[in-house]
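Summary of the model geometry
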Amino acid sequence: MIVTTTPSVEGKKIVEYRGIVFGEVISGVDMIKDFAAGLTNIFGGRSNTYEEELMTARATALAELEQRAAQTGANAVVGVDIDYEVLGGNNGMLMVTASGTAVVVE
């Protein structure tokens with residue numbers, strides 16, 4: 001499966017459009033990760049716990065996007081966009097959404 005943010009696949013011709021597909025993940029950030037991130041905030045540096053959570057959520061959303069595209073018979077997804085949001089009363093939830101157009105290329 002080719003997945004790209006560009007509107008086409010270089011060297012390939014889009015022969016069929018199969019529709020817009022999505023992959024969504026909503027992930028909770030637990031108290032331990034929140035505490036570790038708070039320490040990083042106090043002492044400076046990068047928050048590895050949040051970065052790992054973000055990378056995992058993004059990879060899962062993209063995998064779900066690919067799976068849904070494959071279910072339509074597509075062999076590529078073009079125009080992929082990834083969005084990030086925080087949700088919940090205390091911003092304790094991370095939402096990652098990947099969307100794109102499922103296509104058949106030859």
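Above this text sits the structure in question.
Attention here is on the structure that accompanies the text.

Here we take up the environment of Leu62. Mapping Leu62 onto the fold places it in helix H2 (residues 48–71). The exposure class of Leu62 is partly exposed, given its relative accessible area of 23%. Each C-alpha atom of the pair Leu62 and Val96 lies 9.4 Å from the other, and the pair is 34 residues apart in sequence. Each residue touching Leu62, except ones within four places of it in the same chain, is listed here: Val80, Ile82 and Ala98.

Turning to the pattern of salt bridges, a few remarks are in order. All chains considered together, the criterion is met by three salt bridges. Note that Glu16 is salt-bridged to Arg18, the shortest N-O span being 2.7 Å. A salt bridge links Glu64 to Arg68; the nearest nitrogen and oxygen atoms lie 3.2 Å apart. Placement of the pair is Glu64 and Arg68 together in helix H2, with a separation of four residues, close to one helical turn. Accessibility expressed as a relative area gives 33% for Arg68, which makes it partly exposed. Taken together, the shared-partner salt bridges connect Glu24, Glu64 and Arg68 into one network.

Definitions and limits used
- Residues numbered from 1 in each chain as written.
- Predicted model: local features only at pLDDT ≥ 70, side-chain atom pairs only at ≥ 80, totals over all residues.
- Heavy atoms only, no water.
- Helix = DSSP H or I, 4+ residues; strand = E, 2+ residues; numbered from the N terminus.
- Buried < 20%, exposed > 50% of the residue type's maximum accessible area, 1.4 Å probe, protein only.
- Contact = heavy atoms within 4.5 Å.
- Salt bridge = Lys/Arg side-chain N within 4 Å of Asp/Glu carboxyl O.

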